[in-house]
Each structure stands twice: as structure tokens, then as C-alpha cells.
Amino acid sequence: MNYLVSIGLEVHVQLRTVSKMFCGCATGFGAPPNTHVCPVCLGYPGTLPVMNQDAIHYTVVAGLLLGSNISDYSKFDRKSYFYPDMPKNYQISQYDRPLCDGGSVDIEIDGLQKQIGITRIHLEEDVGKSTHFSGKSGVDFNRAGIPLMEIVTEPDITSADEAMSFLVALKQIMLYGEVSGCNLEEGNMRCDVNCSVRPETQSRLGTKTEIKNMNTFKGVHAALLYEIDRQVQALESGEQILQETRRWDPDAGITIQMRVKESEHDYRYFPEPDLMPVVLDSDKIEEWRAQLPELPRERRTRFVEQYGLPDYDAGILVEDKALADYYEEAAKQSANPKAISNWMMTEMLRLLSERGLELGDIAMKPESLAGLVKLTDSNTINSSTAREVFGILFAEGGDPAHIVKEKGLAQVGDSDLLDKLVKQAILDNPRSVEDYRSGKKAAAQFLVGQVMRLTKGKANPKLVQDLLRTKLDG
Amino acid sequence: MQSDNQNVDRIDVSYVAHLARLHLDKEEIESFQGQLEETLDYVRKISELDVEGIEPTAHAVSVQNVFRADEERPGLNREQVLENSPAHNEEQILVPKIIE
Ligand SMILES: [Zn+2]
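### Focus on helix α10 (residues 383–396) of chain A
All names here are of chain A.
Then step 1. Between the first and last C-alpha of α10 there are 20 Å, a value that for 14 residues agrees with the 20 Å anticipated at 1.5 Å per step.
Then step 2. Listed as buried for α10 are T385, A386, V389, F390, I392, L393 and F394.
Then step 3. Near the N-terminus of α10, the side chain that reaches the backbone nitrogen of S384, with its oxygen 3.2 Å away, is that of N382.
Then step 4. At the C-terminal side of α10, G397 shows a positive phi close to 75°.

### Things to note about the environment of Q465 of chain A
Residues and elements named next belong to chain A.
Then step 1. Along the chain, the position of Q465 falls in helix α15 (residues 461–473).
Then step 2. Placed 18 residues apart in sequence, Q465 and L447 show a C-alpha to C-alpha distance of 8.6 Å.
Then step 3. Those residues in contact with Q465 that lie beyond four places of it in its chain are Q445 and V448.

### Describing the pattern of salt bridges
Residue and element names in this part refer to chain A.
Then step 1. The tally for this structure, following the rule as stated, stands at 30 salt bridges over all chains.
Then step 2. Residue D126 is joined to R143 by a salt bridge in which the shortest nitrogen-to-oxygen separation is 3.3 Å. In this pair, D126 is assigned in the loop between β9 (112–125) and β10 (129–132) and R143 in the loop between β11 (136–140) and β12 (147–153), connecting sequence segments 17 residues apart.
Then step 3. We classify D126 as buried; its relative accessible area is 3%.
Then step 4. For the salt bridge of E178 with K321, the shortest nitrogen-to-oxygen distance reads 3.4 Å. You can see E178 sitting in the loop between α2 (160–176) and β13 (189–199) and its partner K321 sitting in helix α7 (residues 321–332), a full 143 residues away along the chain.
Then step 5. Beyond isolated ion pairs, a larger network of salt bridges with shared partners links E178, E294, R299, R302, K321, D325 and E328.

### So, the sheet that holds strand β2 (residues 93–96) of chain B
Strands pair in a sheet through their backbones, by hydrogen bonds, and they do so in one of two ways: parallel or antiparallel.
Then step 1. Sheet architecture is open: 3 strands sit in the order β10(A)-β11(A)-β2(B), paired in antiparallel fashion. Lying at the two open borders of the sheet, with one neighbouring strand each, are β10 of chain A together with β2 of chain B. For this sheet the average axis-to-axis angle between neighbouring strands, irrespective of direction, equals 35°.
Then step 2. Across 4 bridges, β11 of chain A lies against β2 of chain B in antiparallel orientation. Each residue of the ladder has a partner; that of K136 of chain A, found in β2 of chain B, is P96 of chain B.

### Points about the domain arrangement of chain A
The figure often quoted for interface size is the accessible area lost as the parts come together.
All names here are of chain A.
Then step 1. Entries for chain A in the domain assignment read domain 1 (3–287), domain 2 (294–406) and domain 3 (415–473).
Then step 2. Taken over C-alpha atoms, the centre of domain 2 sits 34 Å from the centre of domain 3.
Then step 3. Domain 2 puts 4 residues into the contact, and the matching count from domain 3 is 6 residues.
Then step 4. Roughly 210 Å² is buried in total at the junction of domain 2 and domain 3, and carbon and sulfur atoms are behind 30% of that figure.
Then step 5. The three residues of domain 2 that bury the most area against domain 3 are N379, N382 and T385, which together make up 93% of that side's buried surface.
Then step 6. In this assembly, domain 2 and domain 3 are joined by 0 salt bridges.
Then step 7. Taken together, the residues of the side of domain 2 that touches domain 3 sort by class into no nonpolar, 4 polar and no charged.

### Observations concerning helix α12 (residues 415–428) of chain A
All names here are of chain A.
Then step 1. Along its 14 residues, α12 runs 19 Å from first to last C-alpha, staying within 8% of the 20 Å computed at 1.5 Å per residue.
Then step 2. Among all positions of α12, only L418, L421, V422 and A425 are buried. An end-on view of α12 places all buried positions within 105° of arc, on one side of the element. Seen from the open side of α12, the exposed residues pointing more than 90 degrees away from its buried face are D416, K420 and L427.
Then step 3. Along its buried surface, α12 packs onto α14 (443–454) and α15.

### Re the confidence of the model for chain B
All names here are of chain B.
Then step 1. Looking at chain B as a whole, its pLDDT mean stands at 86, while 89% of the residues score no less than 70.
Then step 2. Looking across chain B, the model is least confident in helix α1 (residues 13–19), with a mean pLDDT of 88, and most confident in strand β1 (residues 67–68), with 98.
Then step 3. Counted against residues more than four places away or in other chains, residues 1–6, with its pLDDT under 50, gives 12 contacts.
Then step 4. The ipTM, which scores confidence in the relative placement of chains, is 0.85 for this predicted complex, and the corresponding pTM is 0.81.

Cut-offs applied
- Residues numbered from 1 in each chain as written.
- Chains lettered and ligands numbered in written order.
- Predicted model: local features only at pLDDT ≥ 70, side-chain atom pairs only at ≥ 80, totals over all residues.
- Heavy atoms only, no water.
- Helix = DSSP H or I, 4+ residues; strand = E, 2+ residues; numbered from the N terminus.
- Expected span 1.5 Å × (residues − 1).
- Buried < 20%, exposed > 50% of the residue type's maximum accessible area, 1.4 Å probe, protein only.
- Polar contact = N/O pair within 3.5 Å; in protein donor to acceptor, adjacent residues only side chain to side chain.
- Contact = heavy atoms within 4.5 Å.
- Salt bridge = Lys/Arg side-chain N within 4 Å of Asp/Glu carboxyl O.
- Pairing = 2+ DSSP bridges.
- Axes fitted to C-alpha atoms, helices over the stretch in contact; angles between N-to-C directions.
- Domains from an automatic or database assignment.
- Buried area = accessible area lost by both parts, 1.4 Å probe.
- Nonpolar A, V, L, I, M, F, W, Y, C, P; charged D, E, K, R; others polar.
- Arc of directions from axis to C-beta.
- pLDDT = per-residue confidence, 0-100.

As C-alpha cells, this is what we get:
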């Protein structure tokens, strides 16, 4: 029997505001526990929440980037549940009037394009963080009240690989839109995974399970591979799938049942009386739309057209906004944007990954890369010297022309000197000269190498080759 | 545990108590049953109003878009926060062990 898989994701994205959703407490990561708290986010009686306008703006930007309809009327609701990390005993969220409805994300899977539908995007507040001791749990409320955007997908995803592609694409869009830092280590993107399987002959979706609070993409992928297999095995052996919440145990590599899911209305949603509705007029929405950044997809096409890059190279560069920004900055200052791309695709990415660095960590400025390309194109330095200079720039930054001058790396272009050195190489290596003349053309390479050695690698190899040929053939 | 939420005339006190993580004994359930039903009866008067043709609203006042700028402001210091909690260590508020 073949089985169809339906996966829907609920992705929580932390917005990049400096203050919380409903109070002025800081949102910075890593502060000592319970130092970013106030009467509002601790749920003290008599306090009132006030909405952070940037949180609304960023959510709408996210919606516009995903092609959502932006609601002209949106409101907040209380979601009641009782848990120690939720000081008010309700979470302020949005129930029936979210800020954004609909939309989609394009993914590429095995070379094919696929569209994953977005159901809605709503805004809510994060909860506190608990740590467990023996017999007690401790709660830190620094995170409570930080604005979270929840992006809910349609159950359009049909494999662990697709879920991975979706998350990568979504992260890329959120980074381009500058709505979130998307730092996974800091919990900026967390996700609940809904998954069901059904025999291919059945049209209605199977019973789904929910895997809660995944905070790495790799984890989502691994948990889905396991869960899909578990559900298929269960159906194969005639068992029923229970609608339940499960937890991924990354060490054991399995999902474990948590609790039978309380049905939705047990949250007893009702309108938040302390917050007024959000009414966005179309002028405001259009103003925000006009300020939207260029998305990776559009940028890739433009890189191909404007800078003459191969589509593959453009694709790699735009994958990371910082990399693409760096490229553009350098390309604008260069007559050879293709060479800029080649340096970035090879040496730059290699050195970054070898040394575990981010682009922001290195001292080399885009204009230095443009300068290096200019020195190479004007034959001031040869390609092996250029690689050496690149290494220096990467490690220390600076002006490439200055480095070349200071270290005496300029190419030996003096043909009188080269002529002399070529003659010397011929005299010193009669055996190779004989080999060459008896038809072993490869012997010429050896002689070129000798001349390069005499110039400490600074000669133009092409020029040396020409001089040698003239002398040997003549 | 089953809700009888469909039956709006009668509150299932033990179910609501379960959702609110409250432990009530039999007597308390009975006493709350009576009190809550009285309260509901009182509120139910509102359904005597004729609301034909009136748009539903989430708010009694027609104010909208009350925002604040995204600016950081100082909060409480930790000593104050911890003092207000029933139990704490040096950094955190302590609660009975949370078990999933
Ligand atoms: Zn606060």
C-alpha cells in the first residue's frame, strides 16, 4: 500500500523589535533571568498592555512578502490556559481576525517548483522559559511578552525534504524583509509540526499528530522522517493514529506522546478587552508595500541580467542576503563584476567555511575586492599573487594596491629582465631543452617553472612562455 | 474529561475547574454551581435585547489603533520581582515541578 503524507507547519518567528509586544521591556537575548520584566509582562493586576507599532508593521511586511491579504480590521484575543510560564493565565493572541490571511512560499524540490500555501499570519506574545530542577521548576519571564509572528501553512507539504526547503525559503524571505534576526540558536524561529498519513485511496486527511516546539530545521527533518514512518507502520499493523501532541527526543531519535490534545475551544478564546482593534487603511498598506525589499528570486534574475552572472552563481550569492549585499557593493565599484563573483564563489566562501566565520566578521571591505580585481585585470599581479593578496585582505583587510607595493608583489613585466632569466634557464637546463627539441613539448612547462622560480613567482607566466617558445623554436 | 459546553444552560463546574487547574471538592462544586448559574442568569438578561441589524463588535468603545513606539523602557529590578513571588531562588521564580 502507498501512503500520502500531509504536513502543515506553524512557524513562530520572533520579530526584531527592541521592546516587547505590549510593554517597554528589552528583548535582547542572553540577559540574566528575570531582568527584562515589568508589571505588564508579569501580568500584575491593574496593568494594561499597549501595542508595539513596529510589531504590527513587521507582521504586515511579512504578509506582503508572502502575498497575503492584509486585513483592514484585525483584533487581539485571549487564549486561556494555565501553565506556569504564562503569568496572566492567558496568552494575548489573535483568533478570528489575524493581521494576514492567505499567501504562499515557493520552494524548489528535486529541480521542480512547488508552492506551499500559507493559511494565515497572526501576532502573539511569547511565554516565559522554564528550567527543571528536582521537585521544582524555575521560571524566567524575560521572553514573556516578546512579539512572535505565527505563520501557519496549509497541509501542502508532503515530505521531510519539502518541510526543510520550506523553512529555508521562509527564513530567507524573513531575513530579506528584515522582520526577524532569524537566529535559530537564540530561538528566533520555532515550529510546531502537524503530520498525518493516509492510504492513497483515501481522500480525507488522516488523523494528525503535532510535534511541538522544534527549534532546528534539522530536527524538523529528522522528526518528520521518524513520524511518517511511525504512522505508516501503525496503519500497516491495523492500529489507529491518535490525535495527540508528541515531543521529539533528538538523542533517542524518536517522537514521544505528550498529552491528548485538548480541543480548540477549550482555550476559551475571547476578545482582549484591553486592546483596541487594528484598522489599517489601504494607503498605509500601499505605502508599506512600496517600501518592500527585493526578494531573493527577483534579485537572482537581476544579477544575471545586470552583471552577466551564470544563474547558478547568482543563486548562490542571493541565498544569503549579506553575501548578496557584499557582492553588489563590490560589483558597483568594478569593471569586472563576473570576476568579483568568481572570487566570492571560490576563495571567499572557502575561507569563510574553513574558518567558521560570517561575512560580518572579516576585515576585508567590498572596495578591497574590487581593487584586487583591478590589479589582476591590469596585469599588475598574476593570479597566484592575487590569491596571496586575497588571503592577506581576508585576514587583515587593507588596500590591495598598497599591499602589493609594500610587499613587492607586482608582476615582473620588464621584458629585458625576463629575457635574461629565460636565457639563464635555457643554459642551466640543457637536458630539458634537448627534450623539448626532440618533441617532448611538456619540457617547456618545466622551463617556465624555472623562470617563475627565479622571479619568486611574480612573472607573468604567459609572457615567460612566449619568450621561451621564441627562443627554443627559433 | 468531557465538556458539556454544547449545553450552555448549565455550567460543568468540574470541567471548568479542570481547565483552570483548580481542585474543587464535591461541596465546592455544588456551591459554585449555584453561584455561577445565578451569575449567568443575570448576564443572560442581555439576550432579551433586540439586536436585529446591529453589527457585532469586539469593543464597547469605538477607539482603534492605540500604539506605542518601539522603545525600550526600564522594568522592575529582580529583587522586587522575586519578592512578589511565593517561592524563588536567586534568579528564578519557583513553581511545583512542571510535568508534561
Ligand atoms: Zn514588560
